[in-house]
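# Report on the structure
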Amino acid sequence: MLKALTIASFLESIIVPIPLEAVLVPLMQAKRDKLWLLALFATFGCLLGALLGYMAGYYLFDLVGEWVISNFADEQTFQQVKQQMHTEGFWFILMVGVIPIPFQIAMLAAGATEYSLPLFLLAAVIARSIRYFGLAAVVYLAGNQAERLIKQYKWKAVLVSALIILILWAGIKLI
């Protein structure tokens, strides 16, 4: 079961457009004695996928980067994006990892701009831990009502999480 969850999380993070939550929450409800372990393995699988996505962005951009820049932007714009990624990338990755935007965007952008791999992984660990351990906490506290509560309050939770990240981001910039 844990291997299958890790593989499903890995695949969800790189190619499968179906949110892992659709499987993870019922599994956590059925296996409450292992719900923290399930959250850990879901996070681990996602991190493996994130690492692969980062590497794809890093190495594929070397192959097609000049073509992308010449057809969709210019070198100066790309350098500005790269600089912004290096200064704001951690927060960008953290935000994309928490809100329901495909995480592949953050993975590929981080790799293509050669963003720090350790910082990328740290942001990914934090973001995905918030997501999966947050679900585990809801299941732990709400039991069989968890799915209903998650459906009912998902967007409010996303908004609150995003606001907290934005406030922290702004606070760090002011320091």
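Below, the structure is looked at part by part. (Residues numbered from 1 in each chain as written. Predicted model: local features only at pLDDT ≥ 70, side-chain atom pairs only at ≥ 80, totals over all residues. Heavy atoms only, no water.)

Looking now at the layout of surface pockets. Gaps left between atoms are located by rolling a probe of water-molecule size over the structure's atoms. One number sums up the size of the largest pocket: a volume of about 870 Å³. Forming the walls of the largest pocket are 34 residues, and the residues nearest its centre are Glu21, Arg131, Leu135, Lys154 and Val158. Among the elements of the structure, α1 (2-14), α2 (21-30), α6 (117-142) and α7 (146-174) are those that each provide at least two residues to the lining of the largest pocket. Looking at the lining of the largest pocket element by element, the count peaks at nine residues for α7. The class makeup of the residues in the lining of the largest pocket is 23 nonpolar, four polar and seven charged. (1 Å grid on protein atoms, 1.4 Å probe; cavity = no way out; pocket = protein on both sides within 12 Å on 5 of 7 lines; lining within 4 Å. Points joined across faces, edges and corners; volume = space filled by probe spheres on them. Helix = DSSP H or I, 4+ residues; strand = E, 2+ residues; numbered from the N terminus. Nonpolar A, V, L, I, M, F, W, Y, C, P; charged D, E, K, R; others polar.)

To continue, consider the packing of aromatic side chains. According to the stated counting rule, one finds eight aromatic pairs in the structure shown. Judged by centre distance (6.4 Å) and plane angle (15 degrees), the ring pair of Phe103 and Phe120 falls under stacked. On the criterion of sequence distance, the pair formed by Phe103 in the loop between α4 (75-98) and α5 (104-112) and Phe120 in helix α6 is long-range, its members being 17 residues apart. Both residues of the pair, Phe103 and Phe120, belong to the buried class. In this structure an aromatic cluster arises from ring pairing among Tyr54, Tyr58, Tyr59, Phe103 and Phe120. Arg128 extends its terminal NZ or CZ atom over the ring of Phe103, reaching a point 4.5 Å from the ring centre. The ring of Trp155 carries the charged tip of Lys154 above its face, separated from the ring centre by 5.3 Å. (Phe/Tyr/Trp six-rings, centres within 6.5 Å; stacked < 30°, edge-to-face > 60°. Buried < 20%, exposed > 50% of the residue type's maximum accessible area, 1.4 Å probe, protein only. Lys NZ or Arg CZ within 6 Å of the ring centre and 35° of its normal.)

Moving on, we get to the environment of Leu163. Note on placement: Leu163 falls in helix α7. On the basis of relative accessible area, Leu163 is assigned to the partly exposed category, the value being 42%. Taking C-alpha positions, Leu163 is 9.6 Å from Met95, a pair spaced 68 residues apart along the chain.

Glancing now at the pattern of salt bridges. According to the stated counting rule, one finds four salt bridges in the structure shown. In this structure, Glu12 engages Arg131 in a salt bridge whose closest nitrogen and oxygen atoms are separated by 4.0 Å. Of this pair, Glu12 sits in helix α1 while Arg131 sits in helix α6, and the two are 119 residues apart along the sequence. Glu12 sits in the buried class, given a relative accessible area of 11%. Of the charged contacts in the structure, one is a salt bridge between Glu114 and Lys82, with a shortest N-O distance of 3.8 Å. Residue Glu114 is located in the loop between α5 and α6, and its partner Lys82 is located in helix α4; the two are separated by 32 residues in the primary sequence. Ionic contacts of the salt-bridge type, sharing partners, join the residues Glu12, Glu21 and Arg131 into one network. (Salt bridge = Lys/Arg side-chain N within 4 Å of Asp/Glu carboxyl O.)

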